[in-house]
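Single-letter residue listing:
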Amino acid sequence: MLQRNAQYTVLELEEGSFATRNSQDYKNSYGRGLNLIVTLANKAGTVGFTPKVQGKTPAGVYYDLWTAAAELLANGVAVYQLTPEEVATATGVTESKIALLPAVFRVVLELTTGAGDGNEFDTLVEADVLI
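Residues numbered from 1 in each chain as written. Predicted model: local features only at pLDDT ≥ 70, side-chain atom pairs only at ≥ 80, totals over all residues. Heavy atoms only, no water.

Asker: What exactly am I supposed to notice about the overall build of the protein chain here?
Answerer: If you tally the helices and strands in the protein chain, you get zero helices and ten strands. Of all 131 residues assigned to the protein chain, the portion counted as buried reaches 43%. When contacts within the protein chain are restricted to residue pairs at least 6 apart in sequence, long-range pairs at least 24 apart make up 76% of them. Accessible area for the protein chain stands at about 6900 Å²; split by element, carbon and sulfur atoms hold 52% of it. (Helix = DSSP H or I, 4+ residues; strand = E, 2+ residues; numbered from the N terminus. Buried < 20%, exposed > 50% of the residue type's maximum accessible area, 1.4 Å probe, protein only. Contact = heavy atoms within 4.5 Å. Areas by Shrake-Rupley, 256 points an atom, 1.4 Å probe, with all protein chains shown as cover.)

Asker: Mind showing me how you'd approach the pairing of strand 4 (residues 33-44) here?
Answerer: Two faces belong to every sheet, and in a regular strand the side chains alternate between them. Of the strand pairs in this sheet, strand 4 and strand 10 (residues 120-130) are connected by ten bridges, and their pairing is antiparallel. Each bridged residue has a counterpart across the sheet, and for Ala44 the counterpart in strand 10 is Glu120. In terms of strand pairing, strand 4 meets strand 7 (residues 76-83) through seven bridges, oriented antiparallel. Within the sheet, the bridge partner assigned to Leu34 lies in strand 7 and is Leu82. (Pairing = 2+ DSSP bridges.)

Asker: Looking at this structure, how should I read the packing of aromatic side chains?
Answerer: For any pair of aromatic rings, the description consists of the separation of the ring centres together with the inter-plane angle of the planes. Within this structure, the stated rule accounts for three aromatic pairs. With a centroid separation of 6.3 Å and an interplanar angle of 40 degrees, the aromatic rings of Phe49 and Phe121 are classed as tilted. With Phe49 in strand 5 (residues 48-56) and Phe121 in strand 10, this pair connects stretches of sequence that are 72 residues apart. For the pair formed by Phe49 and Phe121, the shared burial category is buried. Over the ring of Tyr62 we find Arg106; its NZ or CZ atom is 3.5 Å from the centre of that ring. (Phe/Tyr/Trp six-rings, centres within 6.5 Å; stacked < 30°, edge-to-face > 60°. Lys NZ or Arg CZ within 6 Å of the ring centre and 35° of its normal.)

Asker: Can you help me understand the nonpolar core in this one?
Answerer: Side chains that are nonpolar tend, in soluble globular proteins, to be buried together. Core analysis: the biggest nonpolar cluster contains 24 residues, and Leu34, Leu36, Val38 and Tyr80 have the highest contact counts within it. Counting residues per element, the ones that place at least two in this core are strand 4, strand 5, strand 7, strand 9 (104-113) and strand 10. With residues near it in sequence (within four places) discarded, Tyr80 still touches Leu34, Asn35, Leu36, Val38, Pro51, Trp66, Ala68, Leu72, Thr94 and Glu95. (Core = buried A, V, L, I, M, F, W, Y, C linked by side-chain atoms within 4.5 Å.)

Asker: For this particular structure, what's the right way to read the pairing of strand 5?
Answerer: Where burial is concerned, most of strand 5 is hidden: eight out of the nine residues are buried. Relative to strand 6 (residues 62-67), strand 5 runs antiparallel, the two being bridged by five bridges. From the neighbouring strand, Gly55 faces strand 6, where its bridge partner is Tyr63. If you look at the hairpin formed by strand 5 and strand 6, you'll find five residues sitting between the two strands, and Gly60 has a positive phi there, around 90 degrees.

Asker: Got a minute to help me understand the pattern of salt bridges in this structure?
Answerer: In a structure, side chains of opposite charge can pair up when their charged atoms sit close to one another. For the structure on display, the rule yields four salt bridges. One salt bridge connects Lys52 with Asp64, and the closest N-O pair in it is separated by 3.2 Å. Pair noted here: Lys52 is in strand 5 and Asp64 is in strand 6, with a separation of twelve residues, a long-range link. Among the ionic contacts, a cluster of salt bridges with common partners joins Lys52, Asp64 and Glu110. (Salt bridge = Lys/Arg side-chain N within 4 Å of Asp/Glu carboxyl O.)

Asker: Help me out: how do you make sense of the side chain of Asp122 in this one?
Answerer: Residue placement: Asp122 occurs in strand 10. Of the side chains bearing the opposite charge, Arg21 lies closest to the buried Asp122, which forms no salt bridge; the N-O distance is 9.3 Å. Polar contacts involving the side chain of Asp122 include one to the side chain of Asn42, which spans 2.6 Å. (Lys, Arg positive; Asp, Glu negative; His and termini not counted. Polar contact = N/O pair within 3.5 Å; in protein donor to acceptor, adjacent residues only side chain to side chain.)

Spelled out as structure tokens, the structure:
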């Protein structure tokens, strides 16, 4: 059974974002899964982001573990569950994916629409590691 870790980590906080951003690398000692919470606010223009989680090999190469099925284009909160086993999707969960969290991972907010002046969101990405 998956349990929530007591540590709740802010991965990215940025105002007026209009570029792809990567979090720092996070070392995962005991986690098996992840609840990823993405909050977008104060949208201006036609900007859109697609969240993803990347693992990192011992050789330092990043690989896509998961990419959201849909681009985020509006203000609001999106919740994603990445777990090593199938779990009942809770109310309010945007997307659920079976995936095992690797030893080192990072979160990427990939700019997929609207690069340039006048296109921006305030973004906050939080992670709840599941053990």
